[in-house]
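Chain and residue survey
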Amino acid sequence: MKRVLITNLYFARYTGSELHVLEVAKLFEKRGYEVTIAVFQKAYPLLEKKGSIRVIDVLNEELDDTEFDIIFIQHYPVFDFLCCKYELSYRKLVVSKLSVISELEYLPICTPEADLILCVSQECANEVYKELGMDTRIKVFKNSVSEECFEVHDEQSSKIQLNKIAVISNHVPQELLELSQLLKDECEVDFIG
């Protein structure tokens, strides 16, 4: 069976990187891969959503295997930890970069070996271009949202008047800050994160 290893700091809450990892893992699983997500911390409620995907807390559990078809690195410290502990082998290496702000999103030292470098936005890709130069391996791969997120919307719910909006992000985009000013007379906008 084909195997993929995905790294992320955590698999516990409904944060951007954790949901991103879950969606990517589900896509690999649909394509017949045995998926392992390696993290420094795992917990509920997100563990309820993993299905048959293996989630390993690398600080307290061992990897069952060290040979993978694909290693998908998100949050390089987990990958660095695994490289110090195991002799990993892989056929393809993917580096995923979700932010231009967080130190956890720095490109790992193995980036020159990567087969693909995925960036969450064009802004992020531009930063990678500055660091690596124009490189055809750099692609914009936006965060995905599963169909179930849209299943709650129907004709009746679209007639509901919004009174309050919560923006949950550690990196609030400028356009959402501007939108909150435009909506200030219509509804309350709270920023959490």
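Structure: above.
Residues numbered from 1 in each chain as written. Predicted model: local features only at pLDDT ≥ 70, side-chain atom pairs only at ≥ 80, totals over all residues. Heavy atoms only, no water.

1. Describing a nonpolar patch on the surface
The condition that has to hold: Here, patches come from residues exposed beyond 30% relative accessible area and free of salt bridges, joined within 9 Å for like charges and within 5 Å for nonpolar side chains (Val, Leu, Ile, Met, Phe, Trp, Tyr). In this description, accessible areas are obtained by the Shrake-Rupley approach with a 1.4 Å probe, and a residue is regarded as covered only by the protein chains that are shown. Definition used for salt bridges: Asp or Glu carboxyl oxygen within 4 Å of a side-chain nitrogen of Lys or Arg. Only DSSP runs of H or I reaching four residues or more are called helices, and only runs of E reaching two or more are called strands; each is numbered from the N terminus. We call a residue buried when its accessible area falls under 20% of the maximum for its residue type, exposed when it is over 50%, and partly exposed in between, using a 1.4 Å probe and counting protein chains only.
A cluster of nonpolar side chains, namely Leu176, Leu177, Leu179, Leu182 and Phe191, defines an oily patch on the protein surface of about 430 Å² accessible area. Looking at where Phe191 falls in the secondary structure, it is placed in strand S11 (residues 188-192). Judged by relative accessible area, Phe191 falls into the partly exposed class, the value being 35%.

2. Some words on the pairing of strand S1 (residues 2-7)
Side-chain positions along a regular strand alternate between the two faces of the sheet. Note the threshold: Pairing between strands is defined by DSSP: at least two bridges between the two strands are required.
Direction of pairing for S1 relative to strand S3 (residues 33-39): parallel, over a ladder of six bridges. Bridging from a neighbouring strand, Ile6 pairs with Ile37 of S3. Relative to strand S6 (residues 67-73), S1 runs parallel, the two being bridged by four bridges. In the sheet register, Val4 faces S6, and the bridge partner there is Ile70.

3. Things to note about empty space enclosed by the protein
Rules: Within this scheme a cavity is a closed region of a 1 Å grid, computed over the protein atoms alone, that accommodates a 1.4 Å probe without allowing it to escape, whereas a pocket is open but has protein on both sides within 12 Å along at least five of seven lines; lining residues each have an atom within 4 Å of a point. Grid points are joined across faces, edges and corners, and a volume is the space filled by probe spheres set on the points. Residue classes follow a fixed rule: Ala, Val, Leu, Ile, Met, Phe, Trp, Tyr, Cys and Pro count as nonpolar, while Asp, Glu, Lys and Arg count as charged, and any other residue, Gly among them, counts as polar.
Per the stated rule, a full pass over the model turns up two cavities of 30 Å³ or more. Of the pockets and cavities examined, the largest cavity occupies roughly 50 Å³. Considering the residues around the largest cavity, the lining is formed by Ile73, Gln74, His75, Tyr76, Val95, Ser96, Lys97, Leu104, Glu105, Tyr106, Leu107 and Pro108. Looking at the lining of the largest cavity element by element, the count peaks at three residues for strand S7 (residues 89-97). Tallied by class, residues from the lining of the largest cavity come to seven nonpolar, three polar and two charged. A volume near 40 Å³ is recorded for the second largest cavity. Lining of the second largest cavity is provided by Arg3, Glu34, Thr36, Arg54, Leu63, Asp64, Asp65 and Phe68. A per-class count over the lining of the second largest cavity returns two nonpolar, one polar and five charged.

4. What about the layout of surface pockets?
Roughly 200 Å³ of internal volume is contained in the second largest pocket. Surrounding the second largest pocket, Val24, Leu27, Phe28, Arg31, Tyr33, Phe72, Val94, Leu116, Leu118 and Phe141 form its lining. Looking at the lining of the second largest pocket, the elements with two or more residues in it are helix H1 (16-30) and strand S8 (116-119). The leading source of residues in the lining of the second largest pocket is H1, at three residues.

5. Quick word on the nonpolar core
What counts is decided by this rule: Among the buried residues, those of types Ala, Val, Leu, Ile, Met, Phe, Trp, Tyr and Cys that are joined through side-chain atoms within 4.5 Å form a nonpolar core. Contact criterion: two residues are considered in contact whenever any of their non-hydrogen atoms come within 4.5 Å of each other.
Grouped together as the largest cluster of nonpolar side chains are 27 residues, with contacts concentrated most on Leu5, Ile71, Ile73, Leu82, Leu88, Ile117 and Cys119. Contributing elements (two or more residues each) for this core: S6, helix H2 (76-85), S7, S8 and helix H3 (122-132). With near-sequence residues (within four places) excluded, Ile73 lies in contact with Thr7, Phe79, Leu93, Val94, Val95, Ser96, Pro108 and Cys110. By size, the runner-up hydrophobic cluster in this structure holds 20 residues, among which are Ile6, Phe28, Ile37 and Phe72.

6. Some words on unusual backbone geometry
At the junction of Tyr44 and Pro45, the peptide bond is cis and its omega measures out at 20° in the coordinates. Along the polypeptide, Pro45 turns up in the loop between strand S4 (41-42) and strand S5 (54-57).

7. Remarks on the pattern of salt bridges
Summed over the entire model, instances satisfying the criterion amount to 11 salt bridges. A salt bridge links Glu61 to Lys42, with the nearest nitrogen and oxygen atoms 3.0 Å apart. Separated by 19 residues along the polypeptide, Glu61 in the loop between S5 and S6 and Lys42 in strand S4 bring together distant segments of the chain. Look at the salt bridges and you will find they share partners, linking Arg3, Glu34, Arg54, Asp64 and Asp65 into a network.

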